[in-house]
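A structural walkthrough
If you want the building blocks of each chain, they are given just below.
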Amino acid sequence: MAHEHQQDIQAWLDYAATDLSVAHTLFDVHRPQPYEIICYHCQQAAEKAIKGLFIFFDLPGGIPKKHDLSFLLNQMQHKTIISKEMRQHADMLSVYGIVSRYPNGISVDEGRTRLALQYAESILNWAKELTDCQ
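Let me begin by describing the structure that accompanies this report. Note that this is a predicted model, so its numbers are computed, not measured.

Details of the nonpolar core
The biggest cluster of nonpolar side chains holds 40 residues, and the ones touching the most others in it are C42, I50, M76 and L93. Counting only elements with at least two residues in this core, the list comes to α1 (6-29), α2 (35-56), α3 (69-75), α4 (84-94) and α5 (110-131). Broken down by element, this core gets its largest block of residues, eleven residues, from α2. If we ignore the near neighbours within four places in the chain, the residues touching I50 are L69, L72, L73, M76 and I123.

Some remarks on the environment of K48
With respect to the element layout, K48 can be found in helix α2. Remark: the alpha-carbon pair of K48 and P34, spanning 14 residues in sequence, is separated by 21 Å. With near-sequence residues (within four places) excluded, K48 lies in contact with W12, Y15, A16 and D19.

Considering the packing of aromatic side chains
Aromatic ring pairs are described here by two measures, namely the spacing of the ring centres and the angle between the planes. Scanning the model with the defined rule gives one aromatic pair in all. Pairing F56 with F57 gives two aromatic rings, centres 5.1 Å apart and planes at 70 degrees, and the pair type is edge-to-face. Note on F56: relative accessible area 21%, which makes it partly exposed. For K48, the ring lying beneath its charged end belongs to Y15, and the centroid distance is 4.0 Å.

Structural notes on the packing of α1 against α2
With their axes 8 Å apart at the nearest point, α1 and α2 run at an angle of 165 degrees to one another. As judged from the angle between their axes, α1 and α2 are roughly antiparallel. In this structure, α1 meets α2 at a crossing whose hand is left-handed. Classifying every residue of the contact of α1 with α2 by side-chain character gives 18 nonpolar, three polar and four charged.

Procedures and definitions
- Residues numbered from 1 in each chain as written.
- Predicted model: local features only at pLDDT ≥ 70, side-chain atom pairs only at ≥ 80, totals over all residues.
- Heavy atoms only, no water.
- Core = buried A, V, L, I, M, F, W, Y, C linked by side-chain atoms within 4.5 Å.
- Buried < 20%, exposed > 50% of the residue type's maximum accessible area, 1.4 Å probe, protein only.
- Helix = DSSP H or I, 4+ residues; strand = E, 2+ residues; numbered from the N terminus.
- Contact = heavy atoms within 4.5 Å.
- Phe/Tyr/Trp six-rings, centres within 6.5 Å; stacked < 30°, edge-to-face > 60°.
- Lys NZ or Arg CZ within 6 Å of the ring centre and 35° of its normal.
- Axes fitted to C-alpha atoms, helices over the stretch in contact; angles between N-to-C directions.
- Parallel < 35°, antiparallel > 145°, perpendicular 65-115°, else oblique.
- Left-handed = near helix turned anticlockwise from the far one by under 90°.
- Nonpolar A, V, L, I, M, F, W, Y, C, P; charged D, E, K, R; others polar.

So this is what it looks like as structure tokens:
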């Protein structure tokens, strides 16, 4: 059975997938690799996927204008089981939503960037599974 807001949920997840695609493209094509910007897009992908879950779970107050992924997950913990792994992914990615907006705000290497890509993909896939969206 389709959710009454399936189109809105899908729009958020598509938006998240676009951010993740941009991150992968920058990682694969751009030289030198802009690690901080890639990580920022990873955080954005995860944030948008989680915000799609806000619509899916019909949380009161709508979508918060917050960027802390751990905060966002905590707002829905009474609606679904959030694994320790998802919480760790959110914790790691959250920092990229703020400090990577500024030059020299954070120093990220290739290894941490690969993790950010993996974690964003994991959160997006988790959201897709929960919402039955592709």
